[in-house]
Amino acid sequence: MVACSSSDDECLATGEAICRKACACNAGTACRFVQGGAGGTATKSEESCNRYFSDTCGTPALAGVNFAKCAAEVDGAQCVTNENPIDGPAKAAQLPGSCAPGATNTAKPDGG
């Protein structure tokens, strides 16, 4: 078993906060988060949203994110209408700038 660094732990905790907010925007029926001009991430459940962060924490995709500041600010994220070409329109959490750069990958981590 590989041990997580404290940075990975902070990333996972921040991911959980993002996923809670992203799922709350759609009352748990979908979980989306976006960041201005940088794309978005859509999952079908909070579990798959959390799995996205489990899979990407510690990778270059999330390098440079200020996890402490992002976690502190994500609860205030607004829910905005998001047009997803696969799943159609739904609300998405508009993440604050402190959550950049990698928290906005366009991959669909749960395959659909």
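Bear in mind the structure is a predicted one, so any value in this text is a computation, not a measurement. (Residues numbered from 1 in each chain as written. Predicted model: local features only at pLDDT ≥ 70, side-chain atom pairs only at ≥ 80, totals over all residues. Heavy atoms only, no water.)

J.: Help me understand helix α2 (residues 46-56), please; the structure alone is not making it clear to me.
T.: Working note: α-helix, 3.6 residues per turn, so residues spaced by three or four point in the same direction. Of the positions making up α2, those classed as buried are Ser-48, Cys-49, Tyr-52, Phe-53 and Thr-56. One side of α2 holds all its buried residues, which, seen down the axis, span an arc of 150 degrees. Of the residues in α2, the exposed ones pointing more than 90 degrees away from the buried face are Glu-47 and Asp-55. Count one or two residues on from α2 and you reach Gly-58, which has phi positive near 90 degrees. (Buried < 20%, exposed > 50% of the residue type's maximum accessible area, 1.4 Å probe, protein only. Helix = DSSP H or I, 4+ residues; strand = E, 2+ residues; numbered from the N terminus. Arc of directions from axis to C-beta.)

J.: Any chance you could explain the side chain of Lys-21 here in plain terms?
T.: Structurally, the position occupied by Lys-21 is in helix α1 (residues 6-24). Buried and without a salt bridge, Lys-21 has Asp-75 as its closest oppositely charged side chain, separated by 6.5 Å. A polar contact is formed between the side chain of Lys-21 and the backbone oxygen of Ala-77, at a distance of 3.0 Å. (Lys, Arg positive; Asp, Glu negative; His and termini not counted. Salt bridge = Lys/Arg side-chain N within 4 Å of Asp/Glu carboxyl O. Polar contact = N/O pair within 3.5 Å; in protein donor to acceptor, adjacent residues only side chain to side chain.)

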